[in-house]
Amino acid sequence: MATRQTNYRQAVEQTVRVRYVEQHRHRYKVNLTMTEPISDEQLMLNYGQGDASAFEQLYLRHKGGVYRYFLRHTSRAEVAEELHQDIWMKVINAREGYQVSAKFSTWLYTLAHNHLVNYYRKHNKAQLLDFDDVAEPEDELPTLDVQLSQGRTVDKLLAQVEALPSQQKEVFLLKHEGGFSLEDIAELTKSSFEATKSRLRYAMKKIKEGISDAHS
């Protein structure tokens, strides 16, 4: 009981710090221009050694992408927010045992991916993120030549992403929201490179066709 209370108090204190940073982020931008940016991995190691400001920087760097990752998958803001908070609690709890075995972003999105799988299992939707199937490889990835400067086009794009099969949606979001390479996505989802490449290709193809149909 005492341990849970301590963890809760630490989480509350961390939330207060994060909110302060967001309200005064201009100060951090000034400071960052004066020194070389610290890598995510080093920030996490620093956080494990008691540097709370390191967590604040990690949170500011990655909070948007992780939240959108959950929101695109669940299509429910309240669920996405809950999963998002859970992930950052996992980061807080893992700080002392963290070791650099991969890029921090890969480690973070692996946590997010696994937590999403557990969420689907809890709600009897485990099949939605099953990556054991093998897709046919393709040689070329199509480009998504879509103008995103108009709000209506953005809405159509998001609608097409929502309609993707879950495996294709997962790869698309990790690529375009998380900024991962195909190699990283394959490792993160425990899939082959060719299957990952194929899923992205089909996702891009369906999105382009869906937007073209909407314009016709």
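Criteria and cut-off values
Within every chain, residues take consecutive numbers counted from 1 along the sequence as written. Local features are withheld for residues below a pLDDT of 70 in this predicted model, meaning they are given only at 70 or higher, and side-chain atom pairs are given and counted only at 80 or more; totals for whole chains, interfaces and linings count all residues. Computation of side-chain values covers all heavy atoms of the structure but excludes hydrogens and water. Helix and strand assignments come from DSSP, with helices taken as H or I runs of at least 4 residues and strands as E runs of at least 2, each series counted from the N terminus. Type-normalised accessible area, obtained with a 1.4 Å probe on protein chains alone, sets the label of each residue: buried when under 20%, exposed when over 50%, and partly exposed for intermediate values. Here, two residues are considered to be in contact whenever any of their heavy atoms come within 4.5 Å of each other. Fitted lines through C-alpha atoms serve as axes, helices being fitted only where they are in contact, and the angles separating the N-to-C directions of these axes extend from 0 to 180 degrees. For classification purposes, angles smaller than 35 degrees are called roughly parallel, those larger than 145 roughly antiparallel, those between 65 and 115 roughly perpendicular, and all remaining angles oblique. The handedness criterion is simple: a crossing whose near helix is rotated anticlockwise from the far helix by less than a right angle is left-handed, and one whose near helix is rotated clockwise is right-handed. Classification convention: Asp, Glu, Lys, Arg as charged; Ala, Val, Leu, Ile, Met, Phe, Trp, Tyr, Cys, Pro as nonpolar; all other residues, Gly among them, as polar. How sure the predictor is of each residue is captured by pLDDT, a score from 0 to 100. Two rings from Phe, Tyr or Trp (for Trp, the six-membered ring) form a pair when their centres are within 6.5 Å of each other. A pair whose planes differ by under 30 degrees is stacked, one over 60 is edge-to-face, and the rest are tilted. For this analysis, a salt bridge means a side-chain nitrogen from Lys or Arg found within 4 Å of a carboxyl oxygen belonging to Asp or Glu.

Looking only at helices and strands, the protein has 10 helices and zero strands in total. Reading the protein from its N end, one meets helices and strands in the order α-α-α-α-α-α-α-α-α-α. The buried share among the 216 residues of the protein stands at 40%. Contacts spanning at least 24 positions in sequence make up 71% of the contacts within the protein whose residues lie at least 6 apart.

The next thing to look at is the packing of helix 8 (residues 166-176) against helix 9 (residues 182-189). One way to put it is that helix 8 packs onto helix 9 with a least axis distance of 10 Å and a crossing angle of 130°. Overall, the two elements helix 8 and helix 9 adopt an arrangement that is oblique. When the axes of helix 8 and helix 9 are compared, the crossing they make is right-handed. Contacts from Glu170, Val171, Leu174 and Lys175 of helix 8 reach helix 9 at Ile185, Leu188 and Thr189. Here the residues of the contact of helix 8 with helix 9 are counted per class, giving four nonpolar, one polar and two charged.

Summarising the element assignment, Gln57 is placed in helix 4 (residues 52-74). For the pair formed by Gln57 and Met44, sequence separation is 13 residues and the distance between their alpha carbons is 9.6 Å.

This next bit is on the confidence of the model for the protein. Per-residue pLDDT for the protein has a mean of 75; in total, 67% of the residues score no lower than 70. By mean pLDDT, helix 2 (residues 25-32) is the weakest element of the protein at 45, and helix 3 (residues 40-48) is the strongest at 95. Across residues 26-34 the pLDDT falls below 50, and counting only partners more than four positions away or on other chains, this stretch makes four contacts in the model. Segment residues 126-151 is flagged for pLDDT under 50; beyond a separation of four residues in sequence, or across chains, it makes 54 contacts in the model.

The buried count for helix 8 comes to nine of 11 residues, which makes it a mostly enclosed element. Among the residues of helix 8, those classed as buried are Ser166, Gln167, Gln168, Lys169, Glu170, Val171, Phe172, Leu173 and Leu174.

Here we come to the packing of aromatic side chains. Throughout the structure, instances matching the rule amount to 11 aromatic pairs. With 5.8 Å between their ring centres and 90° between their planes, Phe55 and Trp88 make a pair best called edge-to-face. Within this pair, whereas Phe55 is found in helix 4, its partner Trp88 is found in helix 5 (residues 77-93), the two being separated by 33 residues in sequence. Across the pair, exposure class does not vary: Phe55 and Trp88 are buried alike. Centre to centre, the rings of Tyr69 and Tyr109 are 5.7 Å apart; their planes meet at 85°, and the pair counts as edge-to-face. Placement of Tyr69 in helix 4 and of Tyr109 in helix 6 (residues 104-122) is noted, with a sequence separation of 40 residues between them. In this pair, the class of Tyr69 matches that of Tyr109, namely buried.

For the rest of this paragraph, the subject is the pattern of salt bridges. As enumerated under the stated definition, the model contains three salt bridges in all. A salt bridge links Asp40 to Arg61; its shortest N-O distance comes to 2.6 Å. One end of the pair, Asp40, is in helix 3; the other, Arg61, is in helix 4, and 21 residues separate them in sequence. On the basis of relative accessible area, Arg61 is assigned to the partly exposed category, the value being 35%.

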